[in-house]
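Descriptive analysis of the structure
For reference, the chains in residue letters:
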Amino acid sequence: LGDPAWCVVDLRHQLSDSAYGERVYAQSHIPGAVFLHLDRDLSGPMTGRNGRHPLPDPQKLMTRLGEVGIGPETQVVVYDDAAGMIAGRLWWLLRWLGHDRVAFLDGGFPLWQAEGRPLTADLPVRPVMQFCGTRQDGATIDVATLLASLGSPELCLIDARGPDRFRGENETIDPVGGHIPGARNRCFKDNLDADGRFKPAAQLRAEYLALLSGSDPHQVVLQCGSGVSACLNLLAMEIAGLSGARLYPGSWSEWCSDPARPMTH
C-alpha cells in the first residue's frame, strides 16, 4: 500500500444494481484503490446481438487505464466482493492487452475486511499515466469460429455459470435459458474454498484435468453468461499451470440472441 509502482483496483459490482460498486467504494475501500466500473470501463457498447458485456475498444480501455494511473510498468492488484466474478474480468483484460503485471487479491474484499485490514473513504490521487499495450488476438474466439467448431473433437467448451442456469433453469438474466451444445459446466465459484480463497494449485489442476478429459488447454474455450465470470476459470487454469485457453467474450448472451444457433435446453 502506498507504493506508486502498484495500483489496486476496486471492481465491486452487482448485475442487478449497476450503481452498487460506486456506492460501496465511496463508503470504504482498500487505501489507495481506484474504482473501475464493469459496464462503463470494462465493456463496450451493446448492440442487442453482441452479448451483455462486449469487450471494450482496446484503445479506449488503454486510455481509461492510464487515467486512473496504470502505466506499462504498474503492478496491478484487482479485487471485488463477488467471489472474483468481476475482478477476474480486469485480470483477463490486462493480459489481453499484453500486461502480465496483474494479480488477483485472494479472498477479495470480504477477507480483507474480516481480517481487520485498513480501509478508507479517501479518494486516491494518482498521476495520469500513458498505458500502452498490444492486443493478444489469440486470446479470444468469435461466435462464427465457435459455431463452425461445434462438435469438433478439437473443441473443449466450458461454461462458468451456475449449474441451474446451465441446465436452463432459473434464467432471470438472459431471454433464453439453456447452454451451447457440447459445453461442460464448471461454475466459477467451484475454484474457491469455503473461505473464498482459491483452492490449492494441485487441487485445481486435478479438477481441470478431469474436466478436460484429455483435451489440451489450447483446445479449451471458456464462456459464461456474458464473458465476465468465465475469466475466473481462465485464472484458475493459469494457477493450475494449464495455460493457453481462450475466452468466448460474447458467451451465452450473444449466442442465444440468434435463434438460428443451436441450443441445448
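I will try to describe carefully the structure that is included in this document.

About the cut-offs
- Residues numbered from 1 in each chain as written.
- Predicted model: local features only at pLDDT ≥ 70, side-chain atom pairs only at ≥ 80, totals over all residues.
- Heavy atoms only, no water.
- Buried < 20%, exposed > 50% of the residue type's maximum accessible area, 1.4 Å probe, protein only.
- Helix = DSSP H or I, 4+ residues; strand = E, 2+ residues; numbered from the N terminus.
- Pairing = 2+ DSSP bridges.
- Arc of directions from axis to C-beta.
- Contact = heavy atoms within 4.5 Å.
- Core = buried A, V, L, I, M, F, W, Y, C linked by side-chain atoms within 4.5 Å.

The side chains of a regular strand alternate, residue by residue, between the two faces of the sheet. Neither face of strand β7 (residues 220-223) is left uncovered, since the one carrying V220 and L222 and the one carrying V221 and Q223 both have all their residues buried. In the sheet, strand β5 (residues 156-159) pairs with β7 via 4 bridges, with the strands oriented parallel. Across the sheet, L157 pairs through a bridge with V221, a residue of β7. One ladder, built from 2 bridges, connects β7 with strand β8 (residues 246-247); its direction is parallel. When the bridges of β8 are listed, L222 appears paired with L247.

With that settled, the discussion passes to helix α1 (residues 20-27). In an α-helix there are 3.6 residues to a turn, and that puts residues three or four apart on one side. Every buried residue of α1 is accounted for by Y20, G21, V24 and Y25. Seen end-on, α1 carries its buried residues on one side only, within an arc spanning 125 degrees. As for α1, its buried residues are in contact with β1 (6-10) and β2 (34-35).

Here we come to the environment of M85. Position of M85 among the secondary structure elements: in the loop between β3 (75-79) and α4 (87-96). Of the residues examined, M85 reaches a relative accessible area of 18% and is grouped as buried. For the pair formed by M85 and H53, sequence separation is 32 residues and the distance between their alpha carbons is 13 Å. The contacts of M85, once residues within four sequence positions are left out, are L15, D80, F188, V228 and S229.

Moving on, we come to the nonpolar core. Formed by 54 residues in total, the largest nonpolar core has its most connected members in V9, L11, L65, V78, L90 and W92. Once residues within four sequence positions are removed from consideration, V78 is found in contact with V9, L11, A87, L90, W91, V102, A103, F104 and L105.

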